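Here is how the chains run, residue by residue.
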Amino acid sequence: MSTRVSPLTLSGIEQLPAHARRCVFWELDPTSSPDVQQFADPEFEKEAWLSMVLLEWGSCGQIATIGDKAAGCALYAPPGMVPRAQAFPTAPVSADAILLTSMRTEPHADEPDVGADLIRGVVADLVRRNVRAIEAFGIRRTADVEARDVPHATAALGCSDTECMIDADFLEDMGFEVVAPHYRYPRLRLELDRDHEWKFAVEAALDRLLEESSLTVADLTAGSAVGAH
């Protein structure tokens, strides 16, 4: 069964996987007081943040589904809308980039390319919006670092850097390049105006969308010609 990737909408927030609906790792400012960081209802806070970004900036996520089940999601936003974005040693995010914050696939997702499909969905959306680049704070996972590092979010919510950040190796496999090295939290960047391979992937994704809606480029062209008359 093939994977379908679609943009996040206000009416589709409830379609996010369970962890993504409750995770407030990126919405917390780690420099704020502990009282502020203890949200009574993290799902409400996450929905409020997503609604704010959707209304002020536009779509900020992609949801992958296999059949009628959510298989994963990717979330992104302008760095100024992400409270934790300034907290990393490799900050700040470049002024011309959108920040890819998180990407998770669900355990039941048996399709091997769900992660890549989500990244393609993000790229397709941002290319259409004339965004120049995507940046992300990756995480390097090594046994000695995991043993001594303290998670940066409330453990009771199942949120931590290891749970809520994207693996740096995966990002590099997807074409991102390290622009700010760090042993734990490198900042990586994907240029959207020069990576021809991703442009081909975007075109393929758009072709799939046209096929699923029973339309073809020829149909669209013919419709435009009729409208011109």
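What you see is a predicted model, and the numbers here were worked out from it, not measured in a lab.

Helix and strand content of the protein: 9 helices and 8 strands. Total accessible area computed for the protein in this model is approximately 11,700 Å², and 54% of it derives from carbon and sulfur atoms.

Counting buried residues along strand 5 (residues 133-139), 7 of its 7 residues qualify, which places the element largely inside the surrounding structure. Relative to strand 5, strand 4 (residues 97-105) runs parallel, the two being bridged by 3 bridges. Counterpart to Leu 99 in the pairing with strand 5 is Glu 135. Where strand 5 and strand 8 (residues 187-191) come together, 5 bridges link them in antiparallel fashion. Bridged to Ala 133 within strand 8 is Glu 191. Pairing geometry for strand 5 and strand 6 (residues 166-167), over 2 bridges, is parallel. Pairing of Ile 139 across the sheet is with Asp 167, part of strand 6.

We now examine the environment of Gly 58. Take Gly 58: it is sitting in the loop between helix 3 (42-56) and strand 2 (61-66). The class for Gly 58 is buried, based on a relative accessible area of 17%. Taking the C-alpha atoms as reference, Gly 58 lies 9.3 Å from Leu 8; in sequence the two are 50 residues apart. Ignoring anything within four residues of it in the chain, the contact list for Gly 58 reads Val 53 and Arg 129.

This part takes up the confidence of the model for the protein. Mean pLDDT over the protein: 81, with 72% of residues reaching 70 or higher. Long-range and interchain partners of residues 145-157, a stretch whose pLDDT sits below 50, account for 25 contacts in this model, where long-range means more than four residues apart.

Right, let's get into the nonpolar core. Core analysis: the largest hydrophobic core is formed by 30 residues, its most contacted members being Leu 8, Leu 16, Phe 25, Trp 26, Leu 50 and Met 165. If you list the elements that add at least two residues to this core, you get helix 3, strand 3 (69-77), strand 4 and strand 5. Looking at which element gives the most residues to this core, the answer is helix 3, with 4 residues. Counting 28 residues, the second largest nonpolar core, distinct from the first, contains Val 114, Ile 119, Leu 188 and Leu 190.

Here we come to the pattern of salt bridges. Applying the stated criterion to the full structure yields 14 salt bridges. Among the ionic pairs, Glu 135 bridges to Arg 189, the shortest N-O distance being 2.7 Å. Linking Glu 135 in strand 5 with Arg 189 in strand 8, this pair joins segments that are 54 residues apart in sequence. A single salt-bridge network, built from bridges that share partners, covers Asp 96, Arg 132, Glu 135, Arg 187, Arg 189 and Glu 191.

Moving on, we get to empty space enclosed by the protein. Any space left empty among the atoms is revealed by the rolling of a water-sized probe across them. Tallying each qualifying case throughout the model produces 2 cavities of 30 Å³ or more. There is about 60 Å³ of room inside the largest cavity. Its residues assigned to classes, the lining of the largest cavity shows 5 nonpolar, 2 polar and 3 charged.

Looking now at the environment of Ser 160. Relative to the helices and strands, Ser 160 is located in the loop between helix 5 (143-148) and helix 6 (161-164). Through-space distance from the C-alpha of Ser 160 to that of Trp 26 is 9.9 Å; in sequence the pair is 134 residues apart. One polar contact links Ser 160 to Thr 162, side chain to side chain, over a distance of 2.9 Å.

Calculation criteria
Residues numbered from 1 in each chain as written. Predicted model: local features only at pLDDT ≥ 70, side-chain atom pairs only at ≥ 80, totals over all residues. Heavy atoms only, no water. Helix = DSSP H or I, 4+ residues; strand = E, 2+ residues; numbered from the N terminus. Areas by Shrake-Rupley, 256 points an atom, 1.4 Å probe, with all protein chains shown as cover. Buried < 20%, exposed > 50% of the residue type's maximum accessible area, 1.4 Å probe, protein only. Pairing = 2+ DSSP bridges. Contact = heavy atoms within 4.5 Å. pLDDT = per-residue confidence, 0-100. Core = buried A, V, L, I, M, F, W, Y, C linked by side-chain atoms within 4.5 Å. Salt bridge = Lys/Arg side-chain N within 4 Å of Asp/Glu carboxyl O. 1 Å grid on protein atoms, 1.4 Å probe; cavity = no way out; pocket = protein on both sides within 12 Å on 5 of 7 lines; lining within 4 Å. Points joined across faces, edges and corners; volume = space filled by probe spheres on them. Nonpolar A, V, L, I, M, F, W, Y, C, P; charged D, E, K, R; others polar. Polar contact = N/O pair within 3.5 Å; in protein donor to acceptor, adjacent residues only side chain to side chain.

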